[in-house]
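# Working through the structure, step by step
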Amino acid sequence: GDSVTQMEGPVTLSEEAFLTINCTYTATGYPSLFWYVQYPGEGLQLLLKATKADDKGSNKGFEATYRKETTSFHLEKGSVQVSDSAVYFCALYNNNDMRFGAGTRLTVKP
Amino acid sequence: EAQVTQNPRYLITVTGKKLTVTCSQNMNHEYMSWYRQDPGLGLRQIYYSMNVEVTDKGDVPEGYKVSRKEKRNFPLILESPSPNQTSLYFCASSLSLRDRARYEQYFGPGTRLTVT
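Since the model is a prediction, treat every value here as computed from it, not as a measurement.

### Observations concerning the pairing of strand β5 (residues 32-38) of chain A
Residues and elements named next belong to chain A. A large share of β5 lies buried, amounting to 7 of its 7 residues. Going residue by residue along β5, you find Ser32, Phe34, Tyr36 and Gln38 tucked away on one face and Leu33, Trp35 and Val37 tucked away on the opposite face as well. In terms of strand pairing, β5 meets strand β10 (residues 86-94) through 7 bridges, oriented antiparallel. From the neighbouring strand, Leu33 faces β10, where its bridge partner is Leu92. With 6 bridges connecting them, β5 and strand β6 (residues 44-50) associate as antiparallel partners. Along β6, the bridge assignment pairs Gln38 with Leu44. Remark: 5 residues form the turn of the hairpin made by β5 and β6, two consecutive strands paired antiparallel; Gly41 in that turn has positive phi of roughly 75 degrees.

### Side note on the nonpolar core
Soluble globular proteins tend to pack their nonpolar side chains together in the buried interior. Residue and element names in this part refer to chain A. In terms of nonpolar packing, the biggest core is built from 26 residues, with Trp35, Leu47, Leu48, Phe73, Leu75 and Tyr88 touching the most fellow members. Elements with a minimum of two residues in this core: β2 (11-14), β3 (19-21), β4 (23-26), β5, β6, β8 (62-65), β10 and β12 (104-109). Residue contributions to this core peak at 4 residues, all from β10.

### Some remarks on the environment of A:Asn59
All names here are of chain A. Position of Asn59 relative to the elements: it lies in strand β7 (residues 56-59). Since its relative accessible area comes to 29%, Asn59 is described here as partly exposed. Along the primary structure Asn59 and Leu48 are separated by 11 residues, whereas in three dimensions their C-alpha atoms are 6.0 Å apart. For Asn59, the side chain forms a polar contact with the main-chain oxygen of Leu47, separated by 2.9 Å.

### With respect to the state of the cysteines
Disulfide: a covalent bond formed between the sulfur atoms of two cysteine residues. Applying the stated rule across the entire model yields 2 disulfides over all chains. Disulfide pairing is shown between A:Cys23 and A:Cys90; the S-S distance is 1.9 Å. As the torsion about the S-S bond is roughly -70 degrees, the A:Cys23-A:Cys90 disulfide counts as left-handed. On the criterion of sequence distance, the pair formed by A:Cys23 in strand β4 and A:Cys90 in strand β10 is long-range, its members being 67 residues apart. When sorted by exposure, A:Cys23 lands in the same class as A:Cys90, which is buried. Each sulfur in the disulfide pair B:Cys23 and B:Cys91 lies 1.8 Å from the other. The sign of the -70 degrees torsion about the S-S bond sets the B:Cys23-B:Cys91 disulfide as left-handed. With B:Cys23 in strand β3 (residues 19-25) and B:Cys91 in strand β9 (residues 87-94), the pair connects residues that are 68 residues apart, well separated along the chain. The class of B:Cys23 is buried, set by a relative accessible area of 2%. Looking at B:Cys91, the relative accessible area reads 0%, which means it is buried.

### Considering the interface of chain A and chain B
Facing 22 residues of chain A, the contacting portion of chain B comprises 22 residues. Of the roughly 1700 Å² buried where chain A meets chain B, counting both sides, 50% is carbon and sulfur surface. The largest contributions to the chain A side of the interface with chain B come from A:Leu44, A:Tyr93 and A:Phe100, which together make up 28% of the buried area. Here A:Arg99 ties to B:Asp59 by a salt bridge, and the two come within 2.8 Å at their closest N and O atoms. Our count for the contact surface shared by chain A and chain B stands at 4 residue pairs in polar contact (both at pLDDT 80 or more). Secondary-structure elements contributing two or more residues to the side of chain A that touches chain B are β5, β6, β10 and β11 (97-100) of chain A. Residue classes in the side of chain A that touches chain B are distributed as 11 nonpolar, 7 polar and 4 charged.

What counts, and where the lines are drawn
All residue numbers here refer to positions counted from 1 along the written sequence of the relevant chain. By the order in which they are written, chains take letters starting at A while ligands take numbers starting at 1. The predicted origin of the model limits local features to residues at a pLDDT of at least 70 and limits the giving and counting of side-chain atom pairs to 80 or more, whereas totals for whole chains, interfaces and linings rest on all residues. Water and hydrogen atoms play no part in the side-chain values, which are based on all heavy atoms of the structure. Think of it in three bands: residues with accessible area under 20% of the maximum for their type are buried, residues over 50% are exposed, and the middle band is partly exposed, with areas taken using a 1.4 Å probe on protein chains only. In this description a helix means any DSSP run of H or I spanning at least four residues, a strand means any run of E spanning at least two, and both kinds are numbered starting from the N terminus. We call two strands paired when DSSP finds no fewer than two bridges between them. What makes a nonpolar core is a set of buried Ala, Val, Leu, Ile, Met, Phe, Trp, Tyr and Cys residues whose side-chain atoms join them at distances within 4.5 Å. As used in this structure description, the phrase polar contact means that two N or O atoms lie within 3.5 Å; if the pair is within protein, one of them must be able to donate a hydrogen and the other to accept it, and residues adjacent in sequence are counted only when both atoms belong to side chains. Note on terminology: pairs of cysteine sulfur atoms within 2.5 Å are recorded as disulfides. Every residue pair with non-hydrogen atoms within 4.5 Å of one another is taken to be in contact. By definition, the buried area sums, over both parts, the 1.4 Å-probe accessible area that each loses when the two are put together. Every case where a carboxyl oxygen of Asp or Glu lies within 4 Å of a side-chain nitrogen of Lys or Arg is listed as a salt bridge. Only Asp, Glu, Lys and Arg are considered charged in this grouping, and only Ala, Val, Leu, Ile, Met, Phe, Trp, Tyr, Cys and Pro are considered nonpolar; every other residue, Gly among them, is considered polar.

So, in structure tokens, the structure goes:
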């Protein structure tokens, strides 16, 4: 079945550092890909999405590009802030089914 | 405000004592689902509902029941809770599964359940 694999955390960065969280997927056909963010004590919120190959999703300075050739959807941000500290989930939607990665905890220190 | 609400937010109970976690959405969404979140496992789907009176099992349905009598509500029922159901539970909804380009799930704030 379909699955999502994302890099294990936790990830700890200093403020203004560059962020990459790797995500790869296994799926038949053409899934839609998502990044969700979970702030402490809250539910998941959609951060960005891409619905077809080569699409780039972006929001709040975060970006991810749907790479079908490498089955990847890596999350990047050029300069992280303390307020970006959260758990990030990569997910895919395919054939009426939603699959989530295990989540990557990011801590940004001042 | 468009939202998904869950109650209670925190619950400590004992083995075997039936409980219900409520979920309600005010966005007229057709699709609703329940997930549990456990460390290192991400989110796993328990049950989902495509519309009123239509429910189906997800990946980990054992020990849970659901019902969808109204479009806005999707309660999760644990008839006889056990310690391995200690987890963080999320309800989610989306407009429909049909339009994949617009598909987005909205999540509730979560219910932390402890079964002793």
